[in-house]
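Notes for the structure review
Spelled out from the first residue to the last, the chains are:
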Amino acid sequence: MKRILFLGFVLVNILIFGQKISFIPSIRAYYDSTLNLGEKFKKDQKFVLIGNSQDYYFAANQNYLNDSGQYEMQGVDVGAISDYFKERIIEKDGITNTFLTVTSSKIRYQEKIDLKWVLYGDIKIINGVRCQMATTNKFGRRWVAYFSKEYPQSLGPYKFTGLPGLIFELYDTRGDYHFTITKVEKFKEEFDFNLNAFKNYPKNKYLQASFNVQFTSAAIPSLQGEMRKQFDDMMKRKQKRYNNPLELKPFE
């Protein structure tokens, strides 16, 4: 069986120090999305979901290719790969791991997600597949999902799982985040990932660390004087663009 080794750290660390997450997926799903990331800043983005009914990996397509080493195999400098949606999700044994790489910073947190879905009789055909409607309130938003029992994997975009079938469409009622499946295929190549290189924080400290490395000069202590001021001004403009996170209320 072919093995996919998801990279993101030095191979020696995998062999010597790492505690690997491993599982055998049953499907690979591709999503198109529209993300309203901030003030007048919408982004179309492709995502990849690999998983079975219990365990999964979810990330933007660029990050999936980067993690799986496919860019490296094509001779592309993986350090040059970036993405607007940088976080990746792995759920294993009921624990959801959210992790992020920004420059040299590798951080993560763990949580258990509790979703209370309400199922409706509304039916919608998505890419030729019959799907049923469900809703939930989470992260300060109300979400509408359409799932299909034709695919028994209890999976969906981001952290949205727990329905009796694969989520084909998911959106919030504010119209900020919208995911739609474009393709589902059987996929049974072993998944391996080692999170040892990612510093584990409580969620509140992760969010603060994530903000610091993405939107302040804290990650570049060598900057001083006028150069630091100019950089911080640039970061403030960036903050304004990215002022609409998916999780408006991260602890809801």
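Up top is the structure.
Residues numbered from 1 in each chain as written. Predicted model: local features only at pLDDT ≥ 70, side-chain atom pairs only at ≥ 80, totals over all residues. Heavy atoms only, no water.

1. Quick notes on the nonpolar core
The cut-off we apply is this: Residues grouped as a nonpolar core are buried Ala, Val, Leu, Ile, Met, Phe, Trp, Tyr and Cys residues, joined through side-chain atoms within 4.5 Å. For every residue, the accessible area (1.4 Å probe, protein chains only) is compared with the maximum for its type, and the residue is labelled buried under 20%, exposed over 50%, or partly exposed between those bounds. Numbering goes from the N terminus for both helices and strands, where a helix is a DSSP run of H or I of at least four residues and a strand is a run of E of at least two. Whether two residues are in contact is decided by their heavy atoms, any of which lying within 4.5 Å being enough.
Counting residues in hydrophobic clusters, the biggest one holds 38 residues, and the most contacted among them are Tyr31, Phe58, Trp117, Phe160 and Phe179. Elements with a contribution of two residues or more to this core: strand S3 (27-38), strand S4 (41-51), strand S5 (56-60), strand S10 (129-138), strand S11 (141-148), strand S12 (166-172) and strand S13 (177-186). In contact with Phe58, other than residues within four places in its own chain, are Tyr31, Phe47, Val48, Leu49, Arg88, Ile89, Pro157, Tyr158 and Phe179. Membership of the second largest hydrophobic core comes to 16 residues, among which are Ile21, Phe23, Ala59 and Ile90.

2. Description of unusual backbone geometry
Backbone phi values are negative for most residues with the exception of glycine, while trans is the configuration of most peptide bonds. Phi angles above zero are rare outside glycine, and Asn127 is one such case at about 50°. Within the secondary structure, Asn127 is located in the loop between strand S9 (118-126) and S10. A positive phi is found at Phe139, a non-glycine position, where the angle reads about 60°. Along the chain, Phe139 falls in the loop between S10 and S11.

3. Thoughts on the side chain of Ser154
Under the convention used in this document: Polar contact is the term for a pair of N or O atoms within 3.5 Å; when the atoms are in protein, one must be able to donate a hydrogen and the other to accept it, and sequence-neighboring residues count only if both atoms are side-chain atoms.
Structurally, Ser154 can be placed in the loop between S11 and S12. Its relative accessible area of 17% is what places Ser154 among the buried residues. Within polar-contact distance, the side chain of Ser154 engages the backbone oxygen of Leu163 at 2.8 Å. Apart from residues no more than four positions distant in its own chain, Ser154 is found in contact with Ser53, Thr161, Gly162, Leu163 and Gly165.

Function cannot be inferred from these measures alone, as they are strictly geometric.
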